[in-house]
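Tertiary structure, described
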Amino acid sequence: MSAAEVLSDAQPAHDRGPRVGVLVVAYNAASTLERTLSRLPESFARSVDHVMVCDDASQDDTYEIGLRFRDTASFPITVVKHARNLGYGGNQKAGYRWAVEHGLDVVVLLHGDGQYAPECVEDLVTPLVRGEADAVFGSRMLEKGGAMAGGMPAYKYAGNKILTGLQNALTGQHLSEWHSGYRAYRTDALTDLDLASYSDDFDFDTEIILGLIRAGKRIAEVPIPTYYGDEICYVNGMKYARDVTADVVRHWASERGFGGGVASTETDLYALKATGSHGVLIEWLQSREPSRVLDAGCFDGRFADLARRAGHHVTGLDRLKHDGVADRVDSFIEADLNQPLPPPSAQTTTWSLLATSSSTS
């Protein structure tokens with residue numbers, strides 16, 4: 001059953017159900033963009049809420065070709081061109097922000113170079129529409145021999161398998177492939193991730209998997225065909241391997257209390273000071289009756305989690321919503337302490353103030 005059929009079966013006629021959109025990331029894709037968009041299945045084109053083409057400051061006619069296609073398309077489409085190149089990850093960030101701001105429930109990542117089959121888009125969307133997953137990845141490795149038969153170079157196949165094995169071993173996952181760029185996400189899952197702190201480079205795809213794992217999101221895989229044509233690859237293979245390995249090692253270390261996680265705009269080494277200031281504060285909180293605590297500069301909420309275990313109601317405050325913080329605080333305020341705070345709610349008028357920012361010594 002297709003995503004379009006799931007929508008029609010699951011919802012009354014007056015309610016279209018989940019709003020599904022497609023983010024097409026494109027860079028110098030003038031020769032492939034129109035053909036790629038034309039390959040979206042007719043059933044999907046009838047139900048898709050919107051298609052967003054993000055041209056990452058291409059040096060060719062990608063943007064103009066996107067506009068030309070928009071004028072004759074049978075589905076709603078927006079074409080934008082960034083004034084400067086944001087990078088592969090940066091382009092996705094911009095697209096996901098747009099998807100969230102426009103109220104989409106599901107967003108599919110599709111590459112404008114045609115490397116990933118648009119014909120399979122409903123296979124990725126259906127588990128999300130049914131509520132069976134928070135993210136669905138198209139995998140070229142699920143069907144034995146499919147990747148090589150589809151023209152994947154032997155060195156890329158070997159590198160993919162080696163890196164995927166390492167990443168699974170360090171995260172406890174069992175994904176058949178970490179390196180496919182054909183993906184679909186529930187936007188409410190994306191809003192629980194600190195996308196702004198992730199890489200703007202090609203390892204963004206690895207960082208988003210790590211974020212999903214930390215946030216306890218459900219990841220599913222579906223098989224997709226492998227296609228290698230005349231598209232231009234802009235990935236520096238050795239740099240990419242180093243970056244994704246560093247990301248997953250940092251995650252492994254963070255899960256074992258050594259600090260880290262994905263590279264952050266805040267700090268890579270925010271750790272609880274069990275024998276220092278944090279230890280003193282926790283000991284003090286354990287001696288007090290349950291109260292309301294404001295953890296200002298809560299980072300990922302690990303201190304807040306200890307305070308909650310001591311019986312307190314904790315509201316976290318930070319300028320970024322870091323991965324996992326929602327599971328470690330009772331409520332969260334995203335604000336910059338250098339700017340006026342948002343008005344307190346009825347629940348927060350009796351806060352006790354406990355500052356534990358990353359600047360605490």
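Everything in this summary refers to the structure shown in the same document. This structure is a prediction, so every number in the text was calculated from the model and none was measured.

Each helix and strand counted, the protein chain has 13 helices and 11 strands in total. Put simply, the protein chain has 361 residues, and 51% of those count as buried. For the protein chain, the accessible surface area stands at approximately 16700 Å², while carbon and sulfur atoms represent 52% of it.

With that settled, the discussion passes to the packing of aromatic side chains. Within this structure, the stated rule accounts for six aromatic pairs. Look at Phe137 and Tyr185: their rings are 6.3 Å apart centre to centre, the planes differ by 75°, and that puts the pair in the edge-to-face class. Within this pair, whereas Phe137 is found in strand 5 (residues 135-139), its partner Tyr185 is found in strand 6 (residues 183-186), the two being separated by 48 residues in sequence. Each member of the pair, Phe137 as well as Tyr185, is classed as buried. Taken together through their ring pairs, the aromatic side chains of Tyr96, Phe137 and Tyr185 make up a single cluster. When the ring centre of Phe137 is taken as reference, the NZ or CZ atom of Arg183 above it lies at 4.5 Å.

Okay, the pairing of strand 3 (residues 77-81) next. Taken together, the five bridges between strand 2 (residues 50-55) and strand 3 define a ladder with parallel strand orientation. Across the sheet, Val53 pairs through a bridge with Val79, a residue of strand 3. Tracing the backbone out of strand 2, into helix 4 (residues 62-70) and back to the parallel element strand 3 gives a crossover that is right-handed.

A few words now on the pairing of strand 6. As paired elements, strand 4 (residues 106-111) and strand 6 share four bridges and run antiparallel to each other. Its bridge partner being in strand 6, Leu109 is matched across the sheet by Arg183. Relative to strand 6, strand 5 is paired through three bridges, and the arrangement is antiparallel. By the bridge assignment, Phe137 is partnered in strand 6 with Arg183.

This part covers the sheet that holds strand 1 (residues 20-26). The strand order 3-2-1-4-6-5-7 describes an open sheet built from seven strands, whose pairing is mixed. Of all the strands in the sheet, the pair left with one neighbour each is strand 3 and strand 7 (219-223). Along the sheet, successive strands turn relative to each other by an average axial angle of 20°, direction set aside. Sheet strands touched by helix 4: strand 1, strand 2 and strand 3. Its angle to strand 3, the strand with the most contacts, is close to 165°. Sitting on the sheet, helix 5 (residues 87-101) is in contact with strand 1, strand 2, strand 3, strand 4 and strand 6, with an inclination near 155° to strand 1.

Here we take up the environment of Met238. Along the chain, Met238 falls in helix 11 (residues 237-255). Assessed through its relative accessible area of 60%, Met238 is described here as exposed. Met238 sits 79 residues away from Gly159 along the chain, and the two C-alpha atoms are 10.0 Å apart.

According to the stated counting rule, one finds 17 salt bridges in the structure shown. Asp247 serves as the salt-bridge partner of Arg250, at 2.8 Å between the closest nitrogen and oxygen. In this pair, Arg250 and Asp247 are both assigned in helix 11, three residues apart and thus about one turn of the helix distant. A single salt-bridge network, built from bridges that share partners, covers Asp192, Lys217 and Lys321.

Since the α-helix advances by 3.6 residues per turn, residues separated by three or four positions end up pointing in the same direction. Along helix 4, the residues that are buried comprise Thr62, Ile65, Gly66, Leu67 and Phe69. On its buried face, helix 4 sits against strand 1, helix 2 (33-38), strand 2 and strand 3.

Checked against the element boundaries, Lys93 lands in helix 5. Take Lys93: its relative accessible area is 7%, and that puts it in the buried class. Here Lys93 is in contact with Leu195, Ala196, Tyr198, Ser199, Asp200 and Phe204, once residues within four sequence places are set aside.

A few words now on the packing of helix 8 (residues 154-171) against helix 11. Their axes nearest at 9 Å, the elements helix 8 and helix 11 cross at an angle of 10°. Relative to helix 11, the element helix 8 is oriented roughly parallel. Of the residues in helix 11, those in contact with Leu163, Leu166, Gln167, Leu170 and Thr171 of helix 8 are Tyr240, Ala241, Val244, Thr245, Val248, Val249, His251 and Trp252. The class makeup of the residues in the contact of helix 8 with helix 11 is nine nonpolar, four polar and no charged.

All right, on to empty space enclosed by the protein then. The full count for this structure, using the stated rule, is one cavity of 30 Å³ or more. As a volume, the largest cavity reaches approximately 30 Å³. Along its surface, the largest cavity is lined by Gly21, Val22, Leu23, His50, Val51, Met52, Gly95, Trp98, Ala99, Leu104 and Val107. When grouped by side-chain class, the residues that make up the lining of the largest cavity number eight nonpolar, three polar and no charged.

Criteria and cut-off values
Residues numbered from 1 in each chain as written. Predicted model: local features only at pLDDT ≥ 70, side-chain atom pairs only at ≥ 80, totals over all residues. Heavy atoms only, no water. Helix = DSSP H or I, 4+ residues; strand = E, 2+ residues; numbered from the N terminus. Buried < 20%, exposed > 50% of the residue type's maximum accessible area, 1.4 Å probe, protein only. Areas by Shrake-Rupley, 256 points an atom, 1.4 Å probe, with all protein chains shown as cover. Phe/Tyr/Trp six-rings, centres within 6.5 Å; stacked < 30°, edge-to-face > 60°. Lys NZ or Arg CZ within 6 Å of the ring centre and 35° of its normal. Pairing = 2+ DSSP bridges. Right-handed = clockwise from strand over helix to strand, strands pointing away. Axes fitted to C-alpha atoms, helices over the stretch in contact; angles between N-to-C directions. Contact = heavy atoms within 4.5 Å. Salt bridge = Lys/Arg side-chain N within 4 Å of Asp/Glu carboxyl O. Parallel < 35°, antiparallel > 145°, perpendicular 65-115°, else oblique. Nonpolar A, V, L, I, M, F, W, Y, C, P; charged D, E, K, R; others polar. 1 Å grid on protein atoms, 1.4 Å probe; cavity = no way out; pocket = protein on both sides within 12 Å on 5 of 7 lines; lining within 4 Å. Points joined across faces, edges and corners; volume = space filled by probe spheres on them.

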